[in-house]
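Below are the chains, spelled out letter by letter.
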Amino acid sequence: MKKIIIGVLIGALITGGIILILNLSEQQTAEQASGGAGDGERTVEGDNELMEEQNHAESLIQTTYSEGEYDLEEPLVVDDPYGVAPLTALAIFDTDESQEITVTVEGESEEQNISKKIEGFNNEHKIPILGLYPDQENTVVLEGETEDGEIIESNISINTDPLPDDFLENEVIEAQQEKMEKGLTFIIPSGGYAYGIDSMGDVRWYSSLPNSHVFQRLENDKLVFLTQKVEQSNQYNLILEMDMLGQVSFGSYIDVTNFDSWGVVHHDVIELPNDNFLATDHDGSGYIEDDMVEIDRQSGEMVDELNMRDIFPEQVYEDYDGASAEEGDWFHQNAVWYDDTGDDILVSSRHQDAIIDMSYPEGEIDWILAAHEGWPEELEDKLLEPQGEDFKFPGGPHAIMTLPDQDEQENTMDVLLFDNNIAVIRGDEETSEEYSRAVQYRINTEEMTVEEVWSYGEERGKDFFSNIVGDADYLQETGNRLITSGHAFEDGDELHSRILETTDDQEAEVVYELKVTGFKEGESRQVYRSERMPLYPENWEIEWSE
């Protein structure tokens, strides 16, 4: 008889305080923000509340473990050990001989098995179990191998609860597994549950913590995760570093006193080479979504700041009369990317219809990818000159990233982005809102020119048009592209998010297509971004507090 603990006390400690998911759209963010309401005060500070609760839970687990005898055949199994990742568990046991353990969650088919070998021969084992199916009895295989090559196997069963009633619905339209990048497809919402599905569309991981926009794997194989601080349940203001079991190892809380809307940290958090975080936030002025703070990875406090109003001439923001101008949302920064080849950052500005490359932390502009009309004279020499007859500048873009070298030329760089194709204050009015696309541009930084080398989306027409949100990722192993049209209408009727994986051919082939429904306009539960990555990170050692 296997010894299993389901729902350890951490569930009561943490999930008892989890707040309802906020339902606001990206459009409403600016409409309900307090831009123009006068200066407020911003604070950035470390937050250890979840870590302290989890340390207490670990103590309870350790006490339970010390009172029994647990081995490979009868391990202690703790369901959802940190109370925030319901489709996970932790197996703890000792072995007389030093063993290396492989854990496998059996899938609906052999192709859907999720396995991980925990490298290293040990006598004491803490084995993370990831990839359980919801609402069923899961079979998990623990396989131990001794240093002499002897194999010992044990099967355990883990029952899981159903998904929450307000979970999004997933329909796989296409899945050519042999051509796809390996891993789960992770869904990152504007507001709701972040989750991962396998190629059959089955949910194999999710967090019960509400998430908004930020969910990325870090250099240390943990996640950066944006959520809400419990006592201020209507705002996304808490940046966490946590692993796939939900164990939190860092927290930083940002508060802006005159900002009442949901996105205090509104769109992006990235990791800098010095290990600090760079987060898009608000500075407490009458303007919004034009500021970034660098956060110390140890203290959780602000160590630097970069504000777009310090970079651009006053007329750019003072004379802005586009979307949400009355709320001070002249820039609407929705993405930041660190380019390690030049120690620069690339930022995406929806309301300037622009991608800007600048030094960090100085903020000196190197180039601007945008239609040329409406820029002040002092920035004209920063505008890239388009090449080719079919060239189109982006409109209301999202999700900028640089690609690995594509042409072996020192003076060029390739960038990939999601072109929503909605002309906010500049751009092609004739094609605006006819389609959205992923587009790859090649920029010659010496000649200050730009050309299109690849795109996908135009051929899908209005059914692929997303007036807000969107994502485009380069997939490292296959060279495929993962494209997210997050707020689209099918035949002018059903609101949905659509995620595509295509090849990088000029006539791109769709090898994966997912349709996500179950949300309504204005709820902000649409897919903001998607990521493809293995459920288990490459290297992972579970660390407990002493």
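Provided above is the structure to which this section pertains.
What counts, and at which threshold
- Residues numbered from 1 in each chain as written.
- Predicted model: local features only at pLDDT ≥ 70, side-chain atom pairs only at ≥ 80, totals over all residues.
- Heavy atoms only, no water.
- Salt bridge = Lys/Arg side-chain N within 4 Å of Asp/Glu carboxyl O.
- Buried < 20%, exposed > 50% of the residue type's maximum accessible area, 1.4 Å probe, protein only.
- Helix = DSSP H or I, 4+ residues; strand = E, 2+ residues; numbered from the N terminus.
- Pairing = 2+ DSSP bridges.
- Axes fitted to C-alpha atoms, helices over the stretch in contact; angles between N-to-C directions.
- Phe/Tyr/Trp six-rings, centres within 6.5 Å; stacked < 30°, edge-to-face > 60°.
- Lys NZ or Arg CZ within 6 Å of the ring centre and 35° of its normal.
- Patch = residues over 30% accessible without salt bridge, like charges linked within 9 Å, V, L, I, M, F, W, Y side chains within 5 Å.
- Areas by Shrake-Rupley, 256 points an atom, 1.4 Å probe, with all protein chains shown as cover.
- Lys, Arg positive; Asp, Glu negative; His and termini not counted.
- Charge placed at Lys NZ, Arg CZ, Asp CG, Glu CD.

Explain the pattern of salt bridges to me, please; I cannot follow it from the model alone.
Pairing is possible between side chains of opposite charge, provided their charged atoms come close. Inspection of the entire model under this criterion finds 27 salt bridges. For the salt bridge of Glu-490 with Arg-498, the shortest nitrogen-to-oxygen distance reads 3.1 Å. Judged by relative accessible area, Arg-498 falls into the buried class, the value being 8%. Residue Arg-498 pairs with Glu-513 through a salt bridge whose shortest N-O separation is 2.6 Å. With Arg-498 in strand β31 (residues 494–502) and Glu-513 in strand β32 (residues 510–517), this residue pair connects regions lying 15 residues apart in the sequence. Classification of Glu-513 by relative accessible area gives buried; the value is 8%. Three or more residues joined by partner-sharing salt bridges are found here, namely Arg-460, Glu-490, Glu-494, Arg-498, Glu-513 and Lys-515.

Explanation requested: the sheet that holds strand β20 (residues 333–339) in the structure shown.
The strands that make up a sheet pair up through hydrogen bonds in the backbone, lying either parallel or antiparallel. Here four strands make up an open sheet; going across it, the order is β20-β21-β22-β23 and the pairing antiparallel. Single-partner strands in this sheet number two, and they are β20 and β23 (365–369). Sheet twist, expressed as the mean angle between neighbouring strand axes with direction ignored, is 20 degrees. Looking at chain direction, strand β21 (residues 344–349) and strand β22 (residues 354–359) are connected through six bridges and run antiparallel. Bridge pairing in β22 links Ser-349 to Ala-354.

Explain the packing of aromatic side chains here, please?
Any pair of aromatic rings gets described here by the distance separating the centres and the angle formed by the planes. Overall, the coordinates contain 20 aromatic pairs when judged by the stated rule. By the ring-pair criterion, three or more aromatic residues cluster together here, those being Tyr-287, Phe-312, Tyr-317, Trp-330, Phe-331 and Trp-375. Here Arg-481 stacks its cationic end above the ring of Trp-454, 4.8 Å away from the centre of that ring. Arg-532 extends its terminal NZ or CZ atom over the ring of Tyr-512, reaching a point 5.1 Å from the ring centre.

Could you clarify how one ought to interpret a negative patch on the surface in this entry?
Residues Glu-69, Asp-71, Glu-73, Asp-94, Asp-96, Glu-97, Glu-124, Glu-147, Asp-148 and Glu-150 make up a contiguous surface patch of negative charge. We classify Glu-97 as partly exposed; its relative accessible area is 41%.

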